[in-house]
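Observations on the model geometry
Here are the chains, one letter per residue:
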Amino acid sequence: MDDITNRTAQSKVFTHVITVRWADCDPAKIAYTGRLPNFALEAIDEWWGVHTGYDWFHGNVDRNVGTPFVHLSMDFRSPVTPRHPLVCEVRLLRLGESSIRFSVRGLQDGVLCFEGEFVEVFVEADVHRKIPAPDDMRTKLEALVVD
């Protein structure tokens, strides 16, 4: 990969930092398993706000465009603890006609803690009917797909 290609690929990686709290932990003193998908979803929601101007709330309420999840899968690699910030890397893997696929990697102190894929579908929010990605969003999103 040449330097220009590498810089372009890196610019398509969105980073969201989460402070893991004691309240996120279970009796084993690590983040409760159910919190890990929540951390990834928080990072994706922030990605939406930064890249389209609409987080999930504003998309649903102000634009009547919802993006509910139809698939998620995660692999856990190392425990997440309150010891270090959790850095979530979000990448847009694919933009389909009416769906969008992300990958999220969670790292603490340079160690990969989890990775997963998340698929959303575009819907008309008030009736929950599938729609194509809105043209103005599609234009912004196409430039962000990781090659």
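In this text the structure is predicted, and so the values were computed from the model without any measurement.

Bringing the environment of Arg-129 into the picture now. Secondary-structure assignment places Arg-129 in strand E8 (residues 129–130). According to the relative accessible area criterion, Arg-129 is partly exposed, its value standing at 49%. In the structure, Arg-129 is positioned 39 residues away from Val-90 in sequence and 26 Å away in space, judged by C-alpha atoms. Setting aside chain neighbours within four positions, we find Arg-129 in contact with Phe-122, Val-123 and Glu-124.

Among the residues making up helix H4 (residues 135–142), those that are buried are Met-137, Arg-138 and Leu-141. The buried residues of H4 occupy an angular sector of 100° when the element is viewed end-on, so they sit on one face. Turned more than 90 degrees away from the buried face of H4, the exposed residues are Asp-135 and Thr-139.

Spatial strand order, E1-E4-E5-E6-E3: five strands in an open sheet with antiparallel pairing. Looking along the sheet, the strands with just one partner apiece sit at the ends: strand E1 (14–18) and strand E3 (69–76). Strand-to-strand, the axes of this sheet are offset by a mean angle of 20°, without reference to chain direction. Sheet topology note: the strand E4 (residues 86–95)/strand E5 (residues 99–108) ladder contains eight bridges and is antiparallel. Within E5, the position partnered with Val-90 by the bridge is Val-104. Here helix H2 (residues 35–52) sits on the sheet in contact with E1, E3, E4, E5 and strand E6 (111–121), set at roughly 130° to E1.

Definitions and cut-offs
Residues numbered from 1 in each chain as written. Predicted model: local features only at pLDDT ≥ 70, side-chain atom pairs only at ≥ 80, totals over all residues. Heavy atoms only, no water. Helix = DSSP H or I, 4+ residues; strand = E, 2+ residues; numbered from the N terminus. Buried < 20%, exposed > 50% of the residue type's maximum accessible area, 1.4 Å probe, protein only. Contact = heavy atoms within 4.5 Å. Arc of directions from axis to C-beta. Pairing = 2+ DSSP bridges. Axes fitted to C-alpha atoms, helices over the stretch in contact; angles between N-to-C directions.

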